[in-house]
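Fold and geometry: a report
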Amino acid sequence: MTKADIFEFFRRLAELDPSPETELEFGNTYQLLVAVVLSAQATDVGVNKATRALFRTVKTPAQMVTLGEDGLKEHIKTIGLFNGKARNVIALSEILVAQYGGEVPADRDALVELPGVGRKTANVVMNCAFGAETFAVDTHIFRVGNRTGLAKGKTPLAVEKQLEKKVPAPFRVGAHHWLILHGRYICKARTPECWRCPVVDLCRFKDKVLEKRGK
C-alpha cells in the first residue's frame, strides 16, 4: 500500500468507529493486565464470562494473592490453559505487590519481565491503560496486515515493526484496535467478507470474496 492508501485505510476505519476499545472487560489497569494474560489462546467472550464474578471481588494484586491459585482456578477453569495461567497470575501479582507497590508499571520492558506477560500482552496494556502508541499483533492483526498488504511480515514482530513504521500519526493509538476488530468481524480467516468491507478497494488481497456466500 502507498502512504496515501494507508492513511485512507485508517481514516475510513476511524470514521466508522471513532473511539475503538478492547472488548475485554475490566475496571482498572491491574484487571486489564489479568484479562489480557488470560486471553492468550482464548476468546475475549470466554475471558469476560470467567472474569465478571472474579473482578467483582478481586480488584488489586494483593486481593488476588489472598484468593490464591486454587481460588483463581475455580473462576477461570472454563478458559484454556487455566492451570498455567492461574500460576502466572498469582506469581505476577506477588511481584506487583513486592516490587511495585501493587501498581502496574507503565513500562513495556518491566511488564515483559512479569510471569505470563509477553510482548503482545505488554503492548495491549501499554496501549489500553497508558495510551502508548504500541501495536499488539495477534492472529487477527497478523492476518490483516499480510492479507491487505498494509504490513507484511513472516512473524508477529515483523508485522509489528512494519506497523510502527507505516501507521500515520493521527491513528497510531487506535490502530491495533481497528485492525483486531476488522479481522474479527470482516477480514475473517476462512472467508473474508470483502463484499461489506469499507476498505476493499485499498486492499491488495487477490482472492477477494465480493459476493455474500450462502451458509
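Residues numbered from 1 in each chain as written. Predicted model: local features only at pLDDT ≥ 70, side-chain atom pairs only at ≥ 80, totals over all residues. Heavy atoms only, no water.

A word on the overall build of the protein chain. The helix and strand inventory of the protein chain stands at ten helices and zero strands. The secondary structure elements of the protein chain, listed N-terminal to C-terminal, are α-α-α-α-α-α-α-α-α-α. The C-alpha atoms of the protein chain give a radius of gyration of 18 Å, which matches the 17 Å a tight globule of 215 residues would have. Dimensions of the protein chain, computed from C-alpha atoms along their principal axes, come out at roughly 55 × 40 × 30 Å. (Helix = DSSP H or I, 4+ residues; strand = E, 2+ residues; numbered from the N terminus. Rg over C-alpha atoms; globule rule 2.2 N^0.38 Å.)

This brings us to empty space enclosed by the protein. A water-sized probe, rolled over the atoms, reveals where empty space remains. For the structure on display, the rule yields one cavity of 30 Å³ or more. There is about 90 Å³ of room inside the largest cavity. Considering the residues around the largest cavity, the lining is formed by 13 residues, among which His 182, Cys 187, Cys 194, Cys 197 and Cys 203 are closest to the centre. (1 Å grid on protein atoms, 1.4 Å probe; cavity = no way out; pocket = protein on both sides within 12 Å on 5 of 7 lines; lining within 4 Å. Points joined across faces, edges and corners; volume = space filled by probe spheres on them.)

All right, on to helix α3 (residues 44-57) then. Given a rise of 1.5 Å per residue, 14 residues ought to cover 20 Å, and the 20 Å separating the end C-alpha atoms of α3 matches this to within 8%. Most pronounced at Thr 51, the bend in α3 amounts to some 45 degrees. Where α3 is concerned, the buried positions are Asp 44, Val 47, Asn 48, Ala 50, Thr 51, Leu 54 and Phe 55. Looking at the buried positions of α3, the neighbouring elements they touch are α2 (29-38), α4 (61-76) and α10 (175-185). (Expected span 1.5 Å × (residues − 1). Bend = angle between axes of the 7 residues up to and from the residue. Buried < 20%, exposed > 50% of the residue type's maximum accessible area, 1.4 Å probe, protein only. Contact = heavy atoms within 4.5 Å.)

In terms of nonpolar packing, the biggest core is built from 33 residues, with Tyr 30, Leu 33 and Met 64 touching the most fellow members. The biggest single contributor to this core is α2, with eight residues. If you look at the next biggest cluster of nonpolar residues, it comprises 25 residues, including Ile 141, Leu 179, Ile 180 and Ile 186. (Core = buried A, V, L, I, M, F, W, Y, C linked by side-chain atoms within 4.5 Å.)

Remark: helix α8 (residues 139-148) packs on helix α9 (residues 156-166), axes separated minimally by 10 Å, with the N-to-C direction vectors making an angle of 65 degrees. Judged by the twist between their axes, the crossing of α8 over α9 is left-handed. Residues Ile 141, Phe 142 and Asn 146 of α8 lie in contact with α9, whose contacting residues are Pro 156, Val 159 and Leu 163. Split by residue class, the contact of α8 with α9 holds five nonpolar, one polar and no charged. (Axes fitted to C-alpha atoms, helices over the stretch in contact; angles between N-to-C directions. Left-handed = near helix turned anticlockwise from the far one by under 90°. Nonpolar A, V, L, I, M, F, W, Y, C, P; charged D, E, K, R; others polar.)

When charged atoms on two side chains of opposite charge get close, those side chains can pair. According to the stated counting rule, one finds 16 salt bridges in the structure shown. For Arg 12, the salt bridge goes to Asp 201, with nearest N and O atoms at 2.6 Å. With a gap of 189 residues between them, Arg 12 in helix α1 (residues 3-16) and Asp 201 in the segment after α10 connect regions that are remote in the sequence. Since its relative accessible area comes to 18%, Arg 12 is described here as buried. Here Arg 108 ties to Glu 160 by a salt bridge, and the two come within 3.6 Å at their closest N and O atoms. Taken as a pair, Arg 108 in helix α6 (residues 108-111) and Glu 160 in helix α9 lie far apart in primary sequence, 52 residues in all. Three or more residues joined by partner-sharing salt bridges are found here, namely Glu 8, Arg 11, Arg 12, Glu 15 and Asp 201. (Salt bridge = Lys/Arg side-chain N within 4 Å of Asp/Glu carboxyl O.)

Attention shifts here to the packing of aromatic side chains. Across all of its chains, the model carries five aromatic pairs by this definition. With a centroid separation of 6.5 Å and an interplanar angle of 50 degrees, the aromatic rings of Phe 10 and Trp 178 are classed as tilted. Highlighted residues: Phe 10 in helix α1 and Trp 178 in helix α10, separated in sequence by 168 residues. For Trp 178, a relative accessible area of 7% puts it in the buried group. Members of the aromatic cluster, joined through ring pairs, are Phe 7, Phe 9, Phe 10, Phe 171 and Trp 178. Its end group placed over the ring of Phe 205, Arg 147 keeps NZ or CZ at 5.0 Å from the ring centre. The ring of Trp 195 carries the charged tip of Arg 196 above its face, separated from the ring centre by 5.9 Å. (Phe/Tyr/Trp six-rings, centres within 6.5 Å; stacked < 30°, edge-to-face > 60°. Lys NZ or Arg CZ within 6 Å of the ring centre and 35° of its normal.)

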